[in-house]
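Residue-level structure breakdown
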Amino acid sequence: MATMTLPPQVRQTASKPCRFCGHGVKRTFIDLGMSPLCETYPSPADLNRAEVYYPLHVQVCEKCFLVQLDEYESPENIFGEYAYFSSYSHSWLKHAEQYCDKMIRRFNLGDQSFAVEVASNDGYLLQYFLQRGVPVLGIEPAANVAEVAVEKGIPTLVRFFGTQAAKDLAAEGRCADLVLGNNVLAQVPDLNDFVEGLKIMLKPEGVLTLEFPHLLRLIDRNEFDTIYHEHFSYFSMLTTVRIMEAHGMKVFDVEELSTHGGSLRVYACRTESQTHDTQPNVRRLIAEEEGAGLGAVEGYESFARKVKQTKFALVDFLLTAAQEGKSVAGYGAPGKSATLLHYCGIGKDLIEYTVDRSPYKQGRFLPGTHIPIYHPDRIRETEPNYVVILPWNLKDEIMEQLQFIRKWGGRFVVPIPELAIY
Ligand SMILES: [Zn+2]
(Lines give C-alpha, C1' and ligand atoms only; values in the text may rest on other atoms or scores of the structure.)
Protein backbone atom coordinates (compact mmCIF):
# COMPACT_ATOMS: atom_id res chain seq x y z
CA MET A 1 0.00 0.00 0.00
CA ALA A 2 1.40 3.39 -0.96
CA THR A 3 1.84 5.77 1.94
CA MET A 4 0.62 9.28 1.54
CA THR A 5 2.98 12.11 2.36
CA LEU A 6 1.19 14.34 4.79
CA PRO A 7 2.11 17.97 5.32
CA PRO A 8 3.78 18.74 8.68
CA GLN A 9 1.15 18.87 11.39
CA VAL A 10 0.48 22.32 12.64
CA ARG A 11 -1.45 22.87 15.83
CA GLN A 12 -4.73 24.65 15.30
CA THR A 13 -4.70 26.33 18.68
CA ALA A 14 -2.57 29.33 19.60
CA SER A 15 1.13 28.50 19.92
CA LYS A 16 2.87 28.54 23.28
CA PRO A 17 6.25 30.16 23.85
CA CYS A 18 9.27 27.86 23.66
CA ARG A 19 10.53 26.88 27.11
CA PHE A 20 14.02 28.08 26.20
CA CYS A 21 13.92 30.78 23.52
CA GLY A 22 10.34 32.06 23.79
CA HIS A 23 9.56 31.61 20.08
CA GLY A 24 5.98 30.43 19.36
CA VAL A 25 5.96 26.61 19.21
CA LYS A 26 3.41 25.01 16.90
CA ARG A 27 5.05 22.06 15.14
CA THR A 28 4.27 18.50 16.23
CA PHE A 29 7.16 16.12 16.96
CA ILE A 30 4.90 13.27 18.04
CA ASP A 31 1.38 12.99 19.40
CA LEU A 32 1.06 9.96 21.71
CA GLY A 33 -2.54 10.64 22.74
CA MET A 34 -3.72 10.81 26.34
CA SER A 35 -2.02 9.28 29.38
CA PRO A 36 -2.18 9.63 33.19
CA LEU A 37 0.80 10.85 35.25
CA CYS A 38 3.19 7.94 35.10
CA GLU A 39 4.71 8.07 38.57
CA THR A 40 1.40 7.96 40.42
CA TYR A 41 0.72 4.34 41.37
CA PRO A 42 -2.87 3.88 42.58
CA SER A 43 -3.43 1.83 45.74
CA PRO A 44 -6.40 -0.58 45.98
CA ALA A 45 -8.45 2.20 47.64
CA ASP A 46 -7.80 4.52 44.67
CA LEU A 47 -9.18 2.14 42.05
CA ASN A 48 -12.75 3.42 42.20
CA ARG A 49 -11.71 7.03 41.89
CA ALA A 50 -11.36 9.03 38.69
CA GLU A 51 -7.92 9.42 37.21
CA VAL A 52 -6.78 12.48 35.26
CA TYR A 53 -5.35 11.97 31.78
CA TYR A 54 -3.20 14.56 30.05
CA PRO A 55 -2.17 14.91 26.41
CA LEU A 56 1.27 13.63 25.41
CA HIS A 57 1.61 15.96 22.47
CA VAL A 58 5.30 16.74 21.97
CA GLN A 59 6.34 19.69 19.85
CA VAL A 60 9.56 21.06 18.44
CA CYS A 61 10.59 24.71 18.39
CA GLU A 62 11.39 25.77 14.84
CA LYS A 63 13.94 28.29 16.07
CA CYS A 64 16.10 26.49 18.69
CA PHE A 65 14.90 22.87 18.05
CA LEU A 66 14.11 22.23 21.69
CA VAL A 67 11.68 19.30 21.73
CA GLN A 68 9.14 19.96 24.44
CA LEU A 69 5.92 19.04 26.14
CA ASP A 70 3.50 21.39 27.82
CA GLU A 71 3.51 21.43 31.58
CA TYR A 72 0.01 20.20 32.41
CA GLU A 73 0.47 19.59 36.10
CA SER A 74 2.47 21.50 38.68
CA PRO A 75 5.85 20.02 39.65
CA GLU A 76 4.65 19.92 43.27
CA ASN A 77 1.88 17.52 42.28
CA ILE A 78 4.14 15.39 40.13
CA PHE A 79 7.18 15.21 42.36
CA GLY A 80 5.79 15.81 45.85
CA GLU A 81 5.66 12.09 46.71
CA TYR A 82 7.97 10.69 44.09
CA ALA A 83 7.99 6.92 44.03
CA TYR A 84 11.31 6.42 42.31
CA PHE A 85 13.96 5.35 44.78
CA SER A 86 17.20 5.24 42.82
CA SER A 87 18.81 2.68 45.12
CA TYR A 88 16.67 -0.17 43.84
CA SER A 89 18.69 -0.71 40.68
CA HIS A 90 22.09 -2.41 41.00
CA SER A 91 23.39 -1.17 37.66
CA TRP A 92 22.38 2.39 38.52
CA LEU A 93 24.33 2.26 41.78
CA LYS A 94 27.39 1.00 39.95
CA HIS A 95 27.03 3.83 37.45
CA ALA A 96 26.92 6.35 40.32
CA GLU A 97 30.00 4.91 42.03
CA GLN A 98 32.03 4.95 38.82
CA TYR A 99 30.98 8.54 38.21
CA CYS A 100 32.22 9.62 41.66
CA ASP A 101 35.60 7.93 41.18
CA LYS A 102 36.00 9.51 37.78
CA MET A 103 35.18 13.03 38.99
CA ILE A 104 37.53 12.70 41.99
CA ARG A 105 40.40 11.69 39.68
CA ARG A 106 39.75 14.15 36.87
CA PHE A 107 39.08 17.24 38.99
CA ASN A 108 41.21 16.36 42.04
CA LEU A 109 38.33 16.45 44.49
CA GLY A 110 39.17 15.92 48.16
CA ASP A 111 38.21 16.90 51.68
CA GLN A 112 38.55 20.60 50.79
CA SER A 113 36.13 20.31 47.87
CA PHE A 114 32.37 20.59 47.84
CA ALA A 115 29.99 18.65 45.61
CA VAL A 116 26.32 19.56 45.26
CA GLU A 117 23.77 17.32 43.59
CA VAL A 118 20.50 18.77 42.39
CA ALA A 119 17.62 16.26 42.61
CA SER A 120 19.75 14.00 44.78
CA ASN A 121 16.97 11.45 45.29
CA ASP A 122 17.73 9.07 48.20
CA GLY A 123 21.45 9.90 48.24
CA TYR A 124 22.30 6.91 46.01
CA LEU A 125 25.14 8.89 44.39
CA LEU A 126 26.37 11.29 47.06
CA GLN A 127 27.00 8.38 49.43
CA TYR A 128 30.03 7.43 47.30
CA PHE A 129 31.53 10.93 47.54
CA LEU A 130 30.99 10.87 51.31
CA GLN A 131 32.68 7.46 51.60
CA ARG A 132 35.69 8.97 49.79
CA GLY A 133 35.85 12.02 52.06
CA VAL A 134 34.35 14.66 49.72
CA PRO A 135 31.86 16.96 51.51
CA VAL A 136 28.45 17.03 49.83
CA LEU A 137 25.02 18.59 49.81
CA GLY A 138 21.94 17.08 48.20
CA ILE A 139 18.97 19.16 47.07
CA GLU A 140 15.78 17.14 46.69
CA PRO A 141 12.17 18.38 46.49
CA ALA A 142 10.42 15.09 47.39
CA ALA A 143 10.33 15.04 51.19
CA ASN A 144 9.78 11.27 51.56
CA VAL A 145 12.80 10.54 49.36
CA ALA A 146 15.03 13.17 50.97
CA GLU A 147 14.25 11.65 54.36
CA VAL A 148 15.87 8.38 53.30
CA ALA A 149 19.04 10.28 52.32
CA VAL A 150 19.18 12.12 55.64
CA GLU A 151 18.83 8.79 57.48
CA LYS A 152 21.93 7.62 55.59
CA GLY A 153 23.83 10.68 56.86
CA ILE A 154 23.73 12.66 53.61
CA PRO A 155 23.05 16.38 54.18
CA THR A 156 19.95 17.12 52.09
CA LEU A 157 17.99 20.30 51.56
CA VAL A 158 14.29 19.68 50.83
CA ARG A 159 13.64 22.28 48.18
CA PHE A 160 12.95 22.88 44.50
CA PHE A 161 16.11 24.10 42.81
CA GLY A 162 16.25 27.36 40.85
CA THR A 163 17.94 30.75 40.95
CA GLN A 164 16.45 31.58 44.35
CA ALA A 165 17.77 28.43 46.02
CA ALA A 166 21.16 28.97 44.31
CA LYS A 167 21.37 32.60 45.45
CA ASP A 168 20.54 31.60 49.02
CA LEU A 169 23.30 28.97 49.04
CA ALA A 170 25.79 31.30 47.34
CA ALA A 171 25.04 33.96 49.98
CA GLU A 172 26.03 31.39 52.62
CA GLY A 173 29.33 30.83 50.78
CA ARG A 174 28.24 27.39 49.61
CA CYS A 175 29.21 27.48 45.92
CA ALA A 176 30.60 24.21 44.67
CA ASP A 177 33.62 22.72 42.90
CA LEU A 178 31.28 20.20 41.32
CA VAL A 179 27.58 20.69 40.67
CA LEU A 180 25.77 17.73 39.21
CA GLY A 181 22.31 16.99 37.98
CA ASN A 182 21.45 13.52 36.75
CA ASN A 183 18.17 13.01 34.96
CA VAL A 184 16.68 16.23 36.21
CA LEU A 185 17.13 18.72 33.35
CA ALA A 186 14.31 17.14 31.35
CA GLN A 187 11.97 17.51 34.33
CA VAL A 188 12.43 21.21 34.89
CA PRO A 189 9.46 23.41 33.89
CA ASP A 190 11.36 26.71 34.17
CA LEU A 191 14.44 25.68 32.25
CA ASN A 192 16.12 29.09 32.15
CA ASP A 193 15.68 29.67 35.87
CA PHE A 194 17.12 26.23 36.62
CA VAL A 195 20.18 26.54 34.35
CA GLU A 196 20.89 30.05 35.64
CA GLY A 197 20.76 28.60 39.17
CA LEU A 198 23.33 25.94 38.23
CA LYS A 199 25.69 28.66 36.98
CA ILE A 200 25.26 30.64 40.22
CA MET A 201 26.22 27.54 42.24
CA LEU A 202 29.58 27.17 40.44
CA LYS A 203 32.81 28.43 41.95
CA PRO A 204 34.82 30.42 39.33
CA GLU A 205 36.62 27.26 38.16
CA GLY A 206 33.85 24.88 39.18
CA VAL A 207 32.51 22.14 36.94
CA LEU A 208 28.92 21.31 36.14
CA THR A 209 27.96 17.86 34.90
CA LEU A 210 24.50 17.05 33.64
CA GLU A 211 23.20 13.69 32.49
CA PHE A 212 20.06 13.45 30.43
CA PRO A 213 18.59 11.22 27.74
CA HIS A 214 19.96 12.15 24.32
CA LEU A 215 17.33 13.19 21.80
CA LEU A 216 19.39 11.78 18.92
CA ARG A 217 19.22 8.32 20.52
CA LEU A 218 15.55 8.69 21.42
CA ILE A 219 14.90 9.20 17.71
CA ASP A 220 17.27 6.68 16.16
CA ARG A 221 16.55 3.96 18.77
CA ASN A 222 12.82 4.59 18.70
CA GLU A 223 12.54 5.21 22.46
CA PHE A 224 9.17 6.90 22.37
CA ASP A 225 8.16 5.55 25.79
CA THR A 226 10.78 7.78 27.42
CA ILE A 227 8.34 10.58 26.57
CA TYR A 228 6.10 11.22 29.54
CA HIS A 229 4.54 14.12 31.39
CA GLU A 230 7.36 14.32 33.90
CA HIS A 231 9.80 14.93 31.03
CA PHE A 232 9.10 18.42 29.77
CA SER A 233 12.16 18.80 27.50
CA TYR A 234 14.22 16.53 25.21
CA PHE A 235 17.73 17.71 24.42
CA SER A 236 20.07 17.42 21.50
CA MET A 237 23.70 18.44 21.92
CA LEU A 238 23.06 21.32 19.54
CA THR A 239 20.34 22.80 21.72
CA THR A 240 22.17 22.07 24.99
CA VAL A 241 25.23 24.05 23.89
CA ARG A 242 22.98 26.99 22.99
CA ILE A 243 21.21 26.87 26.36
CA MET A 244 24.49 26.79 28.28
CA GLU A 245 25.88 29.67 26.24
CA ALA A 246 22.79 31.76 26.89
CA HIS A 247 23.51 31.37 30.62
CA GLY A 248 27.20 32.24 30.55
CA MET A 249 28.56 28.70 30.45
CA LYS A 250 30.45 26.68 27.88
CA VAL A 251 30.26 22.95 27.27
CA PHE A 252 33.86 21.68 27.29
CA ASP A 253 33.34 17.93 27.11
CA VAL A 254 30.66 15.33 26.51
CA GLU A 255 30.40 11.58 26.94
CA GLU A 256 27.84 9.23 25.51
CA LEU A 257 26.42 6.85 28.13
CA SER A 258 24.30 3.74 27.77
CA THR A 259 21.99 4.71 30.64
CA HIS A 260 18.28 5.28 29.96
CA GLY A 261 18.67 4.02 26.41
CA GLY A 262 21.40 6.50 25.48
CA SER A 263 22.25 9.55 27.55
CA LEU A 264 24.73 12.38 27.42
CA ARG A 265 26.99 13.49 30.22
CA VAL A 266 27.77 17.10 29.47
CA TYR A 267 30.60 18.95 31.22
CA ALA A 268 30.29 22.72 31.48
CA CYS A 269 32.02 25.60 33.23
CA ARG A 270 31.70 29.36 33.38
CA THR A 271 32.47 30.94 29.99
CA GLU A 272 35.34 32.92 31.48
CA SER A 273 36.99 29.83 33.04
CA GLN A 274 40.52 29.19 31.70
CA THR A 275 41.05 25.74 33.25
CA HIS A 276 38.96 23.56 30.98
CA ASP A 277 39.85 23.19 27.31
CA THR A 278 37.06 22.24 24.96
CA GLN A 279 37.46 18.62 23.85
CA PRO A 280 36.97 17.51 20.22
CA ASN A 281 34.04 15.29 21.34
CA VAL A 282 31.80 18.34 21.52
CA ARG A 283 32.25 19.32 17.87
CA ARG A 284 32.12 15.68 16.75
CA LEU A 285 28.76 15.03 18.37
CA ILE A 286 27.27 18.23 17.01
CA ALA A 287 28.43 17.19 13.54
CA GLU A 288 26.75 13.78 14.03
CA GLU A 289 23.50 15.46 14.97
CA GLU A 290 23.68 17.77 11.98
CA GLY A 291 24.34 14.72 9.81
CA ALA A 292 21.16 13.12 11.24
CA GLY A 293 19.17 16.20 10.26
CA LEU A 294 18.68 17.69 13.72
CA GLY A 295 19.94 21.05 12.55
CA ALA A 296 16.77 21.59 10.50
CA VAL A 297 13.15 21.20 11.52
CA GLU A 298 12.44 18.65 8.73
CA GLY A 299 14.84 16.24 10.48
CA TYR A 300 12.25 15.79 13.24
CA GLU A 301 9.44 14.50 11.02
CA SER A 302 10.11 10.79 10.43
CA PHE A 303 9.97 9.71 14.08
CA ALA A 304 6.17 9.54 14.34
CA ARG A 305 5.90 7.02 11.47
CA LYS A 306 8.43 4.66 13.04
CA VAL A 307 6.65 4.75 16.40
CA LYS A 308 3.35 3.72 14.84
CA GLN A 309 4.97 0.61 13.31
CA THR A 310 6.31 -0.38 16.75
CA LYS A 311 2.82 -0.19 18.22
CA PHE A 312 1.35 -2.39 15.50
CA ALA A 313 4.02 -5.07 16.01
CA LEU A 314 3.59 -5.23 19.80
CA VAL A 315 -0.21 -5.26 19.73
CA ASP A 316 -0.20 -7.91 17.02
CA PHE A 317 2.09 -10.13 19.12
CA LEU A 318 0.01 -9.76 22.30
CA LEU A 319 -3.30 -10.41 20.50
CA THR A 320 -1.90 -13.56 18.93
CA ALA A 321 -0.58 -14.76 22.30
CA ALA A 322 -3.99 -14.11 23.89
CA GLN A 323 -5.83 -15.99 21.14
CA GLU A 324 -3.46 -18.93 21.55
CA GLY A 325 -4.21 -19.01 25.28
CA LYS A 326 -0.64 -18.05 26.30
CA SER A 327 -0.13 -16.22 29.59
CA VAL A 328 1.73 -12.92 29.56
CA ALA A 329 3.19 -11.09 32.56
CA GLY A 330 5.22 -7.90 32.74
CA TYR A 331 8.48 -7.26 34.52
CA GLY A 332 9.04 -3.86 36.09
CA ALA A 333 6.78 -0.87 36.68
CA PRO A 334 8.90 1.99 35.37
CA GLY A 335 7.35 5.36 34.63
CA LYS A 336 7.82 4.78 30.93
CA SER A 337 5.50 1.78 30.91
CA ALA A 338 2.53 4.17 31.21
CA THR A 339 3.36 5.77 27.86
CA LEU A 340 3.94 2.47 26.12
CA LEU A 341 0.77 0.83 27.45
CA HIS A 342 -1.53 3.80 26.87
CA TYR A 343 -0.25 4.64 23.43
CA CYS A 344 -0.57 0.99 22.41
CA GLY A 345 -3.92 0.51 24.19
CA ILE A 346 -2.68 -2.45 26.25
CA GLY A 347 -4.50 -3.35 29.48
CA LYS A 348 -4.96 -6.23 31.92
CA ASP A 349 -6.56 -8.34 29.21
CA LEU A 350 -3.21 -8.52 27.39
CA ILE A 351 -0.70 -8.24 30.27
CA GLU A 352 -2.18 -9.91 33.34
CA TYR A 353 0.15 -8.41 35.95
CA THR A 354 3.62 -7.00 36.38
CA VAL A 355 6.23 -7.31 39.16
CA ASP A 356 8.67 -4.85 40.64
CA ARG A 357 11.47 -5.03 43.21
CA SER A 358 10.42 -1.76 44.83
CA PRO A 359 8.31 -2.47 47.95
CA TYR A 360 6.63 0.93 47.40
CA LYS A 361 5.06 -0.27 44.16
CA GLN A 362 4.12 -3.79 45.27
CA GLY A 363 0.40 -4.07 46.04
CA ARG A 364 -0.29 -1.00 43.92
CA PHE A 365 -1.31 -0.70 40.25
CA LEU A 366 0.07 0.79 37.07
CA PRO A 367 -1.58 4.17 36.44
CA GLY A 368 -4.56 4.13 34.09
CA THR A 369 -4.41 0.50 33.01
CA HIS A 370 -4.61 -0.73 36.64
CA ILE A 371 -2.39 -3.69 35.87
CA PRO A 372 -1.50 -5.04 39.36
CA ILE A 373 2.11 -4.86 40.59
CA TYR A 374 3.39 -7.82 42.63
CA HIS A 375 6.61 -9.00 44.22
CA PRO A 376 8.93 -10.64 41.64
CA ASP A 377 8.25 -14.09 43.21
CA ARG A 378 4.89 -14.03 41.47
CA ILE A 379 6.63 -15.03 38.23
CA ARG A 380 7.94 -18.29 39.76
CA GLU A 381 4.52 -19.01 41.21
CA THR A 382 2.50 -18.48 38.01
CA GLU A 383 5.02 -19.58 35.33
CA PRO A 384 3.88 -17.26 32.51
CA ASN A 385 4.65 -18.16 28.88
CA TYR A 386 5.95 -14.66 28.17
CA VAL A 387 7.51 -11.94 30.32
CA VAL A 388 7.39 -8.48 28.77
CA ILE A 389 10.38 -6.46 29.99
CA LEU A 390 9.01 -2.94 30.48
CA PRO A 391 12.31 -1.28 31.53
CA TRP A 392 13.93 -2.50 28.27
CA ASN A 393 17.05 -0.43 29.02
CA LEU A 394 17.85 -2.96 31.80
CA LYS A 395 16.96 -6.02 29.72
CA ASP A 396 20.34 -7.79 30.03
CA GLU A 397 20.33 -7.50 33.83
CA ILE A 398 16.69 -8.62 34.03
CA MET A 399 17.04 -11.58 31.67
CA GLU A 400 19.98 -12.80 33.72
CA GLN A 401 18.00 -12.52 36.96
CA LEU A 402 15.04 -14.31 35.40
CA GLN A 403 16.87 -17.18 33.67
CA PHE A 404 14.68 -19.55 35.70
CA ILE A 405 11.70 -18.95 33.38
CA ARG A 406 13.51 -21.19 30.85
CA LYS A 407 12.63 -24.17 33.11
CA TRP A 408 9.03 -23.97 31.95
CA GLY A 409 9.89 -22.74 28.46
CA GLY A 410 9.17 -19.09 29.28
CA ARG A 411 10.37 -16.42 26.88
CA PHE A 412 11.23 -12.74 27.16
CA VAL A 413 9.55 -10.02 25.11
CA VAL A 414 11.34 -6.71 24.59
CA PRO A 415 9.12 -4.13 22.85
CA ILE A 416 11.71 -1.45 21.97
CA PRO A 417 13.56 -0.50 19.73
CA GLU A 418 11.56 -3.08 17.84
CA LEU A 419 9.71 -6.13 19.04
CA ALA A 420 12.13 -8.94 19.95
CA ILE A 421 11.45 -12.33 21.55
CA TYR A 422 14.30 -14.02 23.44
ZN1 LIG B 1 12.97 27.61 21.08
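Everything numeric in this text was worked out from a predicted model, so none of it was measured. (Residues numbered from 1 in each chain as written. Predicted model: local features only at pLDDT ≥ 70, side-chain atom pairs only at ≥ 80, totals over all residues. Heavy atoms only, no water.)

Concerning the coordination of the zinc ion
In the first shell of the zinc ion, the protein supplies Cys18 (SG), Cys21 (SG), Cys61 (SG) and Cys64 (SG), at 2.3 Å from the metal. One can describe the donor arrangement at the zinc ion as tetrahedral, given that its four donor atoms subtend angles of 102 to 118° at the metal. Of note, the zinc ion draws all its donor residues from one chain, in the sequence arrangement C-x2-C-x39-C-x2-C. Here Cys64 lies in the loop between β4 (53–60) and β5 (67–69) and Cys18 lies in the loop between β1 (16–17) and β2 (24–25), a separation of 46 residues in the sequence. Here Cys64 falls in the buried class, since its relative accessible area comes to 3%. (Donors = N, O, S within 2.8 Å, 3.2 Å for Na, K, Ca; no water. Tetrahedral: all angles 85-135°; square planar, octahedral: opposite > 155°, others 65-115°. Helix = DSSP H or I, 4+ residues; strand = E, 2+ residues; numbered from the N terminus. Buried < 20%, exposed > 50% of the residue type's maximum accessible area, 1.4 Å probe, protein only.)

A few points about the side chain of Thr239
Note that Thr239 resides in helix α8 (residues 237–246). A residue is classified by how much of its surface remains accessible, and Thr239, at 1% relative accessible area, is buried. Once residues within four sequence positions are removed from consideration, Thr239 is found in contact with Cys64, Phe65 and Leu66. (Contact = heavy atoms within 4.5 Å.)

Structural notes on the nonpolar core
One finds Phe29, Ile227 and Met237 to be the most contacted residues of the largest nonpolar core, which totals 104 residues. The biggest single contributor to this core is helix α10 (residues 303–323), with seven residues. Every residue in contact with Ile227, bar those within four places of it in the chain, is listed here: Phe29, Ile30, Leu32, Leu56, Val58, Leu218, Tyr234, Phe303 and Thr339. Among the nonpolar cores identified, the runner-up in size contains 25 residues, and Tyr99, Cys100, Val134 and Ile154 belong to it. (Core = buried A, V, L, I, M, F, W, Y, C linked by side-chain atoms within 4.5 Å.)

Points about helix α4 (residues 143–151)
Within α4, the full set of buried residues consists of Asn144, Val145, Ala146 and Ala149. Where α4 is buried, its residues contact β8 (156–157). Among the residues trailing α4, Gly153 stands out with phi positive, at a value near 90°.

What about the sheet that holds strand β12 (residues 249–257)?
Within a sheet, neighbouring strands are paired by backbone hydrogen bonds and run either parallel or antiparallel to one another. One open sheet accounts for seven strands, arranged β8-β7-β6-β9-β10-β13-β12; its pairing is mixed. Unpaired on one side and paired on the other, β8 and β12 mark the two borders of the sheet. Pairing of strand β9 (residues 176–182) with strand β10 (residues 202–213) involves six bridges; the strand directions are parallel. Paired with Gly181 across the two strands is Leu210, which belongs to β10. Sitting on the sheet, helix α2 (residues 90–107) touches β9, β10, β12 and β13 (263–270), and the angle it makes with β13 is about 30°. Strands β12 and β13 of the sheet are contacted by helix α9 (residues 280–291), whose axis makes an angle of about 70° with β12. (Pairing = 2+ DSSP bridges. Axes fitted to C-alpha atoms, helices over the stretch in contact; angles between N-to-C directions.)

Some points on the packing of helix α5 (residues 163–171) against helix α6 (residues 191–201)
Where α5 meets α6, the axes come as close as 7 Å, and the angle between the chain directions of the two elements is 15°. It follows from the interaxial angle that α5 and α6 lie roughly parallel. Seen along the crossing, α5 lies across α6 with a hand that is left-handed. The segment α5 lies against α6, with Thr163, Ala166, Lys167, Leu169 and Ala170 engaging Asp193, Glu196, Gly197, Ile200 and Met201. (Parallel < 35°, antiparallel > 145°, perpendicular 65-115°, else oblique. Left-handed = near helix turned anticlockwise from the far one by under 90°.)

A short note on the environment of Pro367
Tracing the sequence through the fold places Pro367 in the loop between β15 (354–355) and β16 (373–374). Taking the C-alpha atoms as reference, Pro367 lies 9.9 Å from Leu341; in sequence the two are 26 residues apart. Ignoring any residue separated from it by four or fewer positions in sequence, one finds Pro367 in contact with Pro36, Leu37, Cys38, Thr40, Tyr41, Pro42, Glu51, Ala338 and His342.

Some points on the sheet that holds strand β11 (residues 233–234)
On the basis of which strands lie adjacent, the open sheet formed by four strands has the order β3-β4-β5-β11 and antiparallel pairing. The strands lining the two open edges of the sheet, one partner per strand, are β3 (27–36) and β11. Where β5 lies against β11, two bridges are found, and the strand directions are antiparallel. Across the sheet, Gln68 pairs through a bridge with Ser233, a residue of β11. Where helix α11 (residues 336–344) meets the sheet, it contacts β3 and β4, and its direction lies at approximately 95° from that of β3.

Remarks on the side chain of Arg27
Position of Arg27 relative to the elements: it lies in strand β3. Polar side-chain contacts of Arg27 include one of 2.9 Å to the side chain of Glu301. (Polar contact = N/O pair within 3.5 Å; in protein donor to acceptor, adjacent residues only side chain to side chain.)

Here we look at the pairing of strand β17 (residues 386–389)
The alternating pattern of β17 places Tyr386 and Val388 on one face and Val387 and Ile389 on the opposite face, and all of these are buried. The sheet contact formed by strand β14 (residues 328–331) and β17 spans four bridges and is parallel. Bridging across to β17, Val328 finds its partner in Tyr386. Where β17 and strand β18 (residues 411–414) come together, three bridges link them in parallel fashion. Looking across to β18, one finds that Tyr386 is bridged to Arg411. Regarding the hand of the β-α-β motif, the stretch spanning β17, helix α13 (residues 395–401) and β18 is right-handed. (Right-handed = clockwise from strand over helix to strand, strands pointing away.)

Observations concerning the packing of α8 against α9
Direction vectors running N to C along α8 and α9 enclose 130°, while the axes themselves pass 8 Å from each other. By the angle between their directions, the pair α8 and α9 is classed as oblique. Contact residues: Met237, Leu238 and Val241 in α8; Val282, Leu285, Ile286, Glu289 and Glu290 in α9.

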